[in-house]
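What the coordinates show
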Amino acid sequence: MLRIAHLSFSSPLILAPLAGYTDLPFRLLCRMHGAGYCVSEMISCHGLVYQQEKTLEMLKSVDHEKPVSFQLFGADPETMVDAAEILASYKPDMIDVNMGCPVKKVTKNGAGAALMTTPDIAEQILTKICAKVSLPVTVKIRAGKDSTHINCAEFAKMAQFSGVSAIAIHGRTWAQGFSGTIEKETISAVKKAVSIPVIGNGDVHSFRQAQKLMAETGCDGVMIGRAALGNPWVFTPKGRPSTLGEILSGAVTHLQLIEQHLPAERIIGYVKSQMCSYFKGLPGSSRMRKEIFSAENIVDLKHTMETFEEFSNTNE
Ligand SMILES: Cc1cc2nc3c(=O)[nH]c(=O)nc-3n(C[C@H](O)[C@H](O)[C@H](O)COP(=O)(O)O)c2cc1C
C-alpha cells in the first residue's frame, strides 16, 4: 500500500497534475474510478500571494475528493513559502512543488524544471516550505536538464534532506519536453537514492503498465497523466469499457460533475473538447466530434450525446 507521511492510499495509481485538465470535476471522476489521489493543476505562487481571482478559482475542492494534493509553482523562496501557507489554509492533504515543468512561460522565470539547474534555490524553497507548513510536502521532478546532466538522484537526496515526504519523477529530461521515451533507469536511481516513497511517471497507459513500472523500477506508486484524459478507467484493472454505452455514461458523469462545479455554459468550448476526448479512436468518432462541436449550449450538447446512445444501441 502506498503511504506518504501519515497518509495511506487505496491505490498506488495517482492522477498526475495536468494544467488545464486536473480541475475538481476531473479529479472527482478519477477518484470515482480508483485513483489513489489526484494532483491539481499547477498553481502560481504569485497568483496566490496577490489573491488573483483566476488562481483562487483553482482552489475549489470538496471533502469527498480527498485525499487531494495541490501543486505550487514559482522560483522565489520567500514568495513560495508565503504561497504555501495560503495553500495550506485551503486544507488539501498535501502540497506538491513543481520542479519538472518544461514550459517556457514557467522556466524563463527560473521555476519548474529550471529549478533542477539551481539546486541551491530548490533546496531553500523546499526547506522553508517544509519548516512552515504542517502538511506533507512532495516534489515533482524530471531526470535532469538534458541527457548529459542527469541529476535526479542527487536532487532527490537533497529533497529528502529538506524534509519532503515523497518524490514524483517523470523519467524525461527538461530538454526532452514531452517527446522521446522515458528512461526507467532514472526512476530506479531515485528509488535507490532515497528512503521516502518514490512515484514513477511517464507514458503509462494502463493499470498493467503501471504495475510493470513498479516491478521494474521498485517505485512505490505511479502517476498517470495524458492517458487519463477521456479515459478515467485507466485507474482500474479492467481499463476502458468496450461498449459505446458505457463510455458514454462515463462522459455524461464527467459532464454532470462539470455542471455541478464549474460555470459549464461559460466554458462550453472546454466542455466540448473534454467530451470529444472520450470517443477518440472509436468508430464514428469524427462524426461525433462534429456533432459535439456544433452543439450551441449544454442542453443541446446533452441532447447530442443522447443521440449517440441511440447510435450505440443500433450498433451493438
Ligand atoms: C497538458 C499537460 C499539462 C501538464 N501540466 C502539468 C502541471 O501543471 N504540473 C506538472 O508538474 N506537470 C504537468 N504536466 C506533466 C504531467 O504531469 C506528466 O509529468 C507528463 O505528462 C508525463 O506523464 P504522462 O505520460 O502520464 O502524461 C503536464 C503535461 C501535459 C501534457
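Rules used throughout
Residues numbered from 1 in each chain as written. Predicted model: local features only at pLDDT ≥ 70, side-chain atom pairs only at ≥ 80, totals over all residues. Heavy atoms only, no water. Helix = DSSP H or I, 4+ residues; strand = E, 2+ residues; numbered from the N terminus. Rg over C-alpha atoms; globule rule 2.2 N^0.38 Å. Buried < 20%, exposed > 50% of the residue type's maximum accessible area, 1.4 Å probe, protein only. Contact = heavy atoms within 4.5 Å. Areas by Shrake-Rupley, 256 points an atom, 1.4 Å probe, with all protein chains shown as cover. Lys, Arg positive; Asp, Glu negative; His and termini not counted. Charge placed at Lys NZ, Arg CZ, Asp CG, Glu CD. Core = buried A, V, L, I, M, F, W, Y, C linked by side-chain atoms within 4.5 Å. Phe/Tyr/Trp six-rings, centres within 6.5 Å; stacked < 30°, edge-to-face > 60°. Near = heavy atom within 4 Å. Polar contact = N/O pair within 3.5 Å; in protein donor to acceptor, adjacent residues only side chain to side chain. Nonpolar A, V, L, I, M, F, W, Y, C, P; charged D, E, K, R; others polar. Pairing = 2+ DSSP bridges. Right-handed = clockwise from strand over helix to strand, strands pointing away. Axes fitted to C-alpha atoms, helices over the stretch in contact; angles between N-to-C directions. Parallel < 35°, antiparallel > 145°, perpendicular 65-115°, else oblique. Left-handed = near helix turned anticlockwise from the far one by under 90°.

1. Regarding the overall build of the protein chain
The secondary structure content of the protein chain amounts to 13 helices and 10 strands. Whereas a compact globule of 316 residues would reach a radius of gyration of roughly 20 Å, the protein chain reaches 20 Å, a difference of no more than 12%. Seen through its principal axes, the protein chain has C-alpha atoms that stretch 60 × 45 × 35 Å. Within the span of the protein chain, comprising 316 residues, buried residues form 56% of the whole. Restricting the contact set of the protein chain to residue pairs at least 6 apart, pairs at least 24 apart contribute 67%. Taken as a whole, the protein chain presents about 14,100 Å² of accessible surface, with 53% of it coming from carbon and sulfur. If the 32 positive side-chain charges of the protein chain are averaged to one point and the 31 negative ones to another, these points end up 4 Å apart.

2. Observations regarding the nonpolar core
Formed by 87 residues in total, the largest nonpolar core has its most connected members in M99, I129, I167 and F279. Looking at this core, the element that brings in the most residues is helix α10 (residues 244-261), giving seven residues. Setting aside residues no more than four positions away along its own chain, I129 makes contact with L72, M80, V81, A84, V97 and V137.

3. Topic: the packing of aromatic side chains
A complete count under the given rule lists three aromatic pairs for this structure. Each ring, one from W233 and one from Y278, has its centre 6.0 Å from the other, and the planes form 85°; the classification is edge-to-face. Residue W233 is found in the loop between β10 (221-224) and α10, and its partner Y278 is found in the loop between α11 (268-277) and α12 (285-294); the two are separated by 45 residues along the sequence. Under the relative-accessibility criterion, W233 is labelled buried at 9%. Ring centres of F279 and F308 lie 5.6 Å apart, and the angle between their planes is 75°; on these two criteria the pair is classed as edge-to-face.

4. Thoughts on the site of the ligand
Neighbouring the ligand are 17 residues, the closest being P17, A19, Q71, N201 and D203. At 2.8 Å from a nitrogen atom of the ligand is found a side-chain nitrogen or oxygen belonging to Q71. Side-chain polar atom of N201 to an oxygen atom of the ligand: 2.5 Å apart, as the coordinates give it. Isolated, the ligand exposes 610 Å² of accessible area, and the fraction of that covered by the protein chains is 88%. Residues that form the shell around the ligand fall into these classes: eight nonpolar, six polar and three charged.

5. Points about the pairing of strand β8 (residues 166-170)
Of all five residues in β8, five are buried; the element is thus mostly enclosed. Where burial is concerned, the two faces of β8 agree: the one with A166, A168 and H170 and the one with I167 and I169 are both buried. Note: strand β7 (residues 137-142) against β8, five bridges, orientation parallel. Residue pairing in the sheet places T138 in a bridge with A166 of β8. With helix α7 (residues 152-162) bridging β7 and its parallel neighbour β8, the resulting β-α-β unit is right-handed. Pairing geometry for β8 and strand β9 (residues 198-201), over four bridges, is parallel. Residue H170 lies in a different strand from β9, and its bridge partner there is N201.

6. Some remarks on the packing of helix α4 (residues 77-89) against helix α6 (residues 119-132)
Two elements in contact, α4 and α6, have axes separated by 9 Å at closest approach and are oriented at 30°. Comparing the axis directions of α4 and α6 gives the class roughly parallel. For the element pair α4 and α6, the recorded crossing hand is right-handed. Residue-level inspection shows P77, E78, M80, V81, A84 and E85 of α4 in contact with α6, the latter providing I121, Q124, I125, K128, I129 and K132. Per-class residue counts for the contact of α4 with α6 are seven nonpolar, one polar and four charged.

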